[in-house]
Amino acid sequence: MRRRHFIFSFLLAVLLCPASWAQAQPMSAAFLRDPPAAGPQPPEVAARSFLLWDVSSQQMLAVRQADQTVDPAALTKLMTAYLVFQAVSQGKLDVQKELPMSQQAWQAAVSNGARPLVSIGGRVKVDDLIKALAVTGAQDAAVVLAEAVGGSSSNFVGMMNRQAQVLGMKRTHFQNAEGVKAAGQVSTARELGWLAVRLLGDYPKAQPYFAARELVLGANRWPSLNMLLIRDPSVDGLLTSYAEGGGYGQIASAKQTTPAGVRRLLSVVLGAGSPDARANESQKLLNWGYSAFDAVKLFEAAQPVSTVTVWKGGASAVSIGTERPLVLAVPHGQASQIKTVLVRNDPLLAPLRKGQTVATLKVTLAGQPWQEVPLQALDDVPTAGWLGRTWDAFRLGIK
């Protein structure tokens with residue numbers, strides 16, 4: 001009986017989970033890896049924890065106490081936004097649909113000392129609710145969207161926690177969609193940063209919402225809480241927060257055009273002393289990231305880094321590289337000291353699928369380990385016929 005119950009529960013979970021959950025990748029090894037000790041040292045940052053991630057090169061540039069659990073506060077809304085954009089991309093939520101302001105949503109705004117978007121029963125377009133969530137962190141917008149996507153706030157919270165596990169956020173647990181303080185609601189700077197990276201990477205259409213400087217709804221205007229959107233034209237998101245006893249926080253994204261292409265950085269600052277401090281410290285990290293490191297493009301997207309032998313396959317070799325441009329962040333002025341070594345997973349046996357990791361490019365800088373870049377097969381290689389497999393088995397046996 002227990003076995004049948006387990007199987008039924010498992011199948012039900014699979015059916016109810018969005019398809020993208022099954023396809024999502026957990027936190028990357030690069031995001032878990034601290035920067036090389038030989039790299040430039042970050043500036044002094046007046047915050048409890050912080051990190052700086054180079055999105056373009058997928059490198060961690062700076063990190064401090066990023067794995068300490070904290071109250072995510074308003075940064076919780078990044079997961080709310082993730083699930084909303086997931087629902088929109090799957091056609092389950094129309095951005096032009098109008099949703100009613102529930103009693104619970106209205107109360108969420110009032111309890112936080114904020115002006116509700118509309119009165120109870122008033123209707124707001126999903127597009128405007130997303131803007132309110134991104135620009136002002138509106139509590140009522142978060143609740144209305146949660147009710148629309150999950151059927152109820154409690155169901156939506158369950159979706160948030162399941163998605164967090166799929167994304168590899170092992171130390172994160174949510175208790176509500178709007179980010180109000182609640183026992184057991186925790187995360188870390190690293191996991192919140194990873195959530196932001198995945199939100200922007202999985203749903204690029206989210207970026208313009210977080211880049212908006214104000215929300216206009218009817219005759220009412222709300223300015224963004226992100227001071228950096230006004231101060232720095234390279235900044236285009238994301239959210240700010242305040243946790244009682246935990247201080248002020250901010251996740252900021254910025255992009256600049258470089259000879260290697262558009263370079264995006266993402267900073268996480270938690271536990272700053274004031275709204276000004278969180279903006280100043282975030283700005284300090286971003287400025288340091290752009291000035292202390294150069295972006296160096298080694299290969300274009302899908303450009304072969306090497307061609308390697310394949311055994312027992314319909315083709316005898318396959319080109320390997322990366323699906324995105326292979327860009328490295330290196331200390332300013334040290335690009336000439338880069339050296340690379342290809343480490344292959346030999347013998348490489350078919351079948352191979354396009355995008356499958358089959359080798360590693362080990363990068364050294366001035367003779368010191370710098371980065372390890374996974375390389376993928378750039379084409380599918382099916383299994384050879386019986387004769388081909390037998391011949392390669394024979395060759396491997398005498399090799």
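Relevant structure appears above.
Bear in mind the structure is a predicted one, so any value in this text is a computation, not a measurement. (Residues numbered from 1 in each chain as written. Predicted model: local features only at pLDDT ≥ 70, side-chain atom pairs only at ≥ 80, totals over all residues. Heavy atoms only, no water.)

Quick look at the sheet that holds strand E1 (residues 49-54)
Taken in spatial order, the 5 strands of this open sheet run E2-E1-E9-E8-E7, and their pairing is antiparallel. The open sheet terminates on both sides in strands that have one partner only, identified here as strand E2 (59-64) and strand E7 (235-243). Between one strand and the next, the sheet's axes are offset by a mean angle of 10°, whatever the strand orientation. With 6 bridges connecting them, E1 and strand E9 (residues 261-272) associate as antiparallel partners. Within E9, the position partnered with Leu-51 by the bridge is Val-268. (Pairing = 2+ DSSP bridges. Helix = DSSP H or I, 4+ residues; strand = E, 2+ residues; numbered from the N terminus. Axes fitted to C-alpha atoms, helices over the stretch in contact; angles between N-to-C directions.)

Brief notes about the side chain of Arg-263
In this structure, Arg-263 sits in strand E9. A polar side-chain atom of Arg-263 sits 2.9 Å from a polar atom in the side chain of Asp-54. Excluding its chain neighbours within four sequence positions, the residues that come into contact with Arg-263 are Asp-54, Ser-56, Leu-61, Ala-254, Lys-255, Gln-256, Thr-258, Gly-289, Tyr-290, Phe-293, Ala-295 and Ala-329. (Polar contact = N/O pair within 3.5 Å; in protein donor to acceptor, adjacent residues only side chain to side chain. Contact = heavy atoms within 4.5 Å.)

Some points on the sheet that holds strand E12 (residues 317-321)
Spatially, the 5 strands line up as an open sheet ordered E11-E12-E16-E15-E14, and their pairing is antiparallel. Each having just a single partner strand, strand E11 (306-309) and strand E14 (338-344) make up the two edges of the open sheet. Taking each pair of neighbouring strands and ignoring which way they run, the sheet shows an average axis angle of 35°. Taken together, the 4 bridges between E11 and E12 define a ladder with antiparallel strand orientation. Bridge assignment links Val-308 to a residue of E12, and that residue is Val-318.

Describing the pairing of strand E15 (residues 357-365)
Inspection of the sheet shows E14 paired to E15 by 7 bridges, in the antiparallel sense. In the strand pairing of E15, Thr-340 is matched with Val-363. Here E15 runs beside strand E16 (residues 368-377); their pairing, made up of 8 bridges, is antiparallel. Residue pairing across strands places Lys-362 opposite Glu-372, the latter belonging to E16. Taking the residues between adjacent antiparallel strands as the criterion, E15 and E16 are bridged by 2 residues, where Ala-366 takes a positive phi near 55°.

Observations regarding the packing of aromatic side chains
On inspection of all chains with the given rule, the structure shows 6 aromatic pairs. Between Tyr-242 and Tyr-248, the ring centres sit 4.6 Å apart and the planes meet at 40°, which makes this aromatic pair tilted. Assessed through its relative accessible area of 46%, Tyr-242 is described here as partly exposed. Feature note: the residues Phe-31, Trp-53 and Trp-194 constitute an aromatic cluster, connected by ring pairs. (Phe/Tyr/Trp six-rings, centres within 6.5 Å; stacked < 30°, edge-to-face > 60°. Buried < 20%, exposed > 50% of the residue type's maximum accessible area, 1.4 Å probe, protein only.)

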